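# Residue-level structure breakdown
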Amino acid sequence: MKHILHRFWVLCIFLLLNVGAHAAVPDPVDPKESVNFTFEQRMAHAKQIHAQLKEATPGERLAYFEKSLETIKKLTPEERLALSEKFKVQWKKLTDEQKKQVKKEARNYITSLPDAERKELKKRREKMLEFMSPEERKHWP
């Protein structure tokens, strides 16, 4: 279950924090808005942003992630917790097939990255844990 939740959060981060370094990657979607996306909107948005990130340079992807972190930092701990709780409720409401779709999309994006970038992504995820409350952290593997 932890692995499923982890993959979901990785996808959510990419979905919520769409920040572009250049024209190749769009501006971020406000997490407070994207948390209200329907499943179909979320999947379409994930596919779109993942396609754009695949075409971006490693530097653009890094800048995208750094801006994503800044978006998270701007939220208060209470806002982050509220968004986290809302995502948990939404995840529980998804069908098994929808959960498989979410995991598959996230997995496809991550595996499309070069090995070095996958390792760097793991380090960046750990960096994100620094900005989470103890309550938020216990849901991450």
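Preceding this paragraph is the structure being described.
Residues numbered from 1 in each chain as written. Predicted model: local features only at pLDDT ≥ 70, side-chain atom pairs only at ≥ 80, totals over all residues. Heavy atoms only, no water.

## Overview of the packing of helix α3 (residues 39–55) against helix α6 (residues 96–112)
One way to put it is that α3 packs onto α6 with a least axis distance of 10 Å and a crossing angle of 10°. Classified by the angle their axes make, α3 and α6 are roughly parallel. In this structure, α3 contributes F39, M43, A46, K47, H50, L53 and K54 to the contact, and α6 contributes Q98, Q101, V102, E105, Y109 and S112. Partitioned by chemical class, the residues of the contact of α3 with α6 number six nonpolar, four polar and three charged. (Axes fitted to C-alpha atoms, helices over the stretch in contact; angles between N-to-C directions. Helix = DSSP H or I, 4+ residues; strand = E, 2+ residues; numbered from the N terminus. Parallel < 35°, antiparallel > 145°, perpendicular 65-115°, else oblique. Contact = heavy atoms within 4.5 Å. Nonpolar A, V, L, I, M, F, W, Y, C, P; charged D, E, K, R; others polar.)

## Description of α6
Along its 17 residues, α6 runs 24 Å from first to last C-alpha, staying within 8% of the 24 Å computed at 1.5 Å per residue. Those residues of α6 not exposed but buried are Q98, K99, V102, K103, E105, A106 and Y109. Axial view of α6: buried residues confined to an arc of 155°, hence all on one face. Among the exposed residues of α6, those pointing more than 90 degrees away from its buried face are D96 and K100. (Expected span 1.5 Å × (residues − 1). Buried < 20%, exposed > 50% of the residue type's maximum accessible area, 1.4 Å probe, protein only. Arc of directions from axis to C-beta.)

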